[in-house]
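Residue strings, one per chain:
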Amino acid sequence: MTYTLSASNRNATGSSNSSAWRYGVDRFSYQIGVEEDEERLDKWLSAAIPTLSRTYIQKCIKEGQAHVNGKPCKANYRLRVDDEVAFAIPEAVEPSVEAENIPLSVLYEDADVLVVDKPKGMVVHPAPGHYSGTLVNAVLYHCKGQLSGINGVLRPGIVHRIDRDTTGSLIVCKNDAAHKIIAQQLKAHSLNRSYRAIVHGVIEENEGSVCAPIGRDEKDRKRMAVNEKNGKEAVTHYKVLERFRDFTYIECRLETGRTHQIRVHMTSIGHPLLGDEVYGVRKTAFHLEGQTLHAYCLGFMHPLNGEYIEVKAPIPAYFSHLLTILCM
């Protein structure tokens, strides 16, 4: 689609009305006015197209996607009055994902679903910087490519995910019918998902709940946070399993499934997860690689026969060893 901004697309002050083209448009042209004179090309484009980051826009400019007066320009080009700017957003191309013979710990499997015990350090699905060695690469090999295609090439069979450094049970769907039904259970909060975690501090009450909306951190968009204004409903129930001198071993049950939910919620009540360098204490004496969080139990209604299935992932060795140390 091509959209040309003209005088009729400007507001009363003469500045560009970018809302007319920012959504769903992959190319546009515009004539620079007096108020935009001397502005850098990349800065002007990032303000005009707020859905794209300035870094991405600079990459597009470097690849020749931006033209001024019919010629490619550099990101630092200073715009002049009456310059004709043309910019094209390149079509997104999903990379192919290869099956890899990576060992999997299978907790349950039949013709419709697969439940695996994800190890620490494994990314669930391919993303920039991680196009191999992921759980998806391993599952593609294990299932010989027979997976649900609902979530596309990069996330075949994936209904939900757990963080790279979180271990434990994760369900994968082998066909679209199973995927739709499991996704419905996830949306209806009927999946039984409980986690084991070790948190800083000693929790006095035996059990409790955190009901606080979670959204992007207003100060750091790479993090999540309790966000009363723009967050989505999130509920985490926790129960104390064992208390130590400076830490508490707990079980958490998710009622909702927001990104980093347990990590954000426990931090919000003053008990961040041990080893969580993003939301908790950056350095500890235990030299851990990420948060001590384990997806222990996963219960669901089988998508074909309706039978309730509950699978438990054994506590990983590093986690058990840590509990032994804390008991001393």
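In short, a report on the structure. (Residues numbered from 1 in each chain as written. Predicted model: local features only at pLDDT ≥ 70, side-chain atom pairs only at ≥ 80, totals over all residues. Heavy atoms only, no water.)

For the protein chain, the count of helices and strands is 6 helices and 16 strands. Structurally, the protein chain occupies a C-alpha span of about 75 × 45 × 35 Å along its principal axes. Looking at the protein chain as a whole, 45% of its 328 residues qualify as buried. Within the structure as shown, the protein chain displays about 17,200 Å² of accessible surface, and the carbon and sulfur contribution to it stands at 50%. If the 39 positive side-chain charges of the protein chain are averaged to one point and the 39 negative ones to another, these points end up 3 Å apart. (Helix = DSSP H or I, 4+ residues; strand = E, 2+ residues; numbered from the N terminus. Buried < 20%, exposed > 50% of the residue type's maximum accessible area, 1.4 Å probe, protein only. Areas by Shrake-Rupley, 256 points an atom, 1.4 Å probe, with all protein chains shown as cover. Lys, Arg positive; Asp, Glu negative; His and termini not counted. Charge placed at Lys NZ, Arg CZ, Asp CG, Glu CD.)

Our focus in this paragraph is helix H2 (residues 54-62). Every buried residue belonging to H2 is among Ile57, Cys60 and Ile61, and all of these are buried. Axial view of H2: buried residues confined to an arc of 100°, hence all on one face. With respect to the buried face of H2, the exposed residues turned more than 90 degrees away are Thr55 and Lys62. At its buried positions, H2 is contacted by helix H1 (41-48), strand S3 (66-68) and strand S5 (84-88). (Arc of directions from axis to C-beta. Contact = heavy atoms within 4.5 Å.)

Going through the model one piece at a time under the given rule, you end up with 4 aromatic pairs. Ring geometry for tyrosine 30 versus tryptophan 44: centroids 5.3 Å apart, planes at 15°, classification stacked. You can see tyrosine 30 sitting in strand S2 (residues 27-31) and its partner tryptophan 44 sitting in helix H1, a full 14 residues away along the chain. Tryptophan 44 carries the same exposure label as tyrosine 30, and that label is buried. (Phe/Tyr/Trp six-rings, centres within 6.5 Å; stacked < 30°, edge-to-face > 60°.)

We now examine unusual backbone geometry. Positioned with a positive phi, aspartate 82 is a non-glycine residue whose angle comes to about 75°. Looking at where aspartate 82 falls in the secondary structure, it is placed in the loop between strand S4 (71-72) and S5.

Within the secondary structure layout, histidine 142 lies in helix H3 (residues 135-142). Judged by relative accessible area, which is 30%, histidine 142 ranks as partly exposed. Histidine 142 has contacts with Leu104, Val106, Glu109 and Leu114, leaving out every residue within four places of it along the chain. Within the local environment of histidine 142, its side chain forms a polar contact with the side chain of glutamate 109, the two groups lying 3.0 Å apart. (Polar contact = N/O pair within 3.5 Å; in protein donor to acceptor, adjacent residues only side chain to side chain.)

Let us now look at helix H4 (residues 176-187). Between the first and last C-alpha of H4 there are 16 Å, a value that for 12 residues agrees with the 16 Å anticipated at 1.5 Å per step. Within H4, the full set of buried residues consists of Ala178, His179, Ile182 and Gln185. Looking down the long axis of H4, one finds its buried residues gathered within 125° of arc, a one-sided arrangement. Residues of H4 that are exposed and angled more than 90 degrees away from the buried face: Lys180, Gln184 and Lys187. Where H4 is buried, its residues touch strand S7 (113-118), strand S8 (167-173) and strand S15 (293-301). Among the residues of H4, the N-terminal cap falls to asparagine 175, whose side-chain oxygen and the backbone nitrogen of alanine 177 are separated by 3.4 Å. Of the residues trailing H4, histidine 189 is marked for its positive phi of about 60°. (Expected span 1.5 Å × (residues − 1).)

The subject of this paragraph is the pattern of salt bridges. Per the counting criterion, the structure on display carries 12 salt bridges. Each of the salt bridges in this network shares a partner with another, and the network as a whole consists of Arg161, Asp163, Arg263 and Asp276. (Salt bridge = Lys/Arg side-chain N within 4 Å of Asp/Glu carboxyl O.)

Time to look at the nonpolar core. Side chains that are nonpolar tend, in soluble globular proteins, to be buried together. Counting residues in hydrophobic clusters, the biggest one holds 32 residues, and the most contacted among them are Tyr195, Ile250, Ile262 and Met266. Mapped by element, the contributors of at least two residues to this core are S7, H3, S8, strand S9 (192-200), strand S13 (235-243), strand S14 (247-254), helix H5 (261-268) and S15. Apart from residues no more than four positions distant in its own chain, tyrosine 195 is found in contact with Ile162, Thr166, Ile250, Glu251, Cys252, Leu254, Ile262, Leu293, His294, Ala295 and Tyr296. Among the nonpolar cores identified, the runner-up in size contains 19 residues, and Trp44, Ile61, Cys73 and Ala75 belong to it. (Core = buried A, V, L, I, M, F, W, Y, C linked by side-chain atoms within 4.5 Å.)

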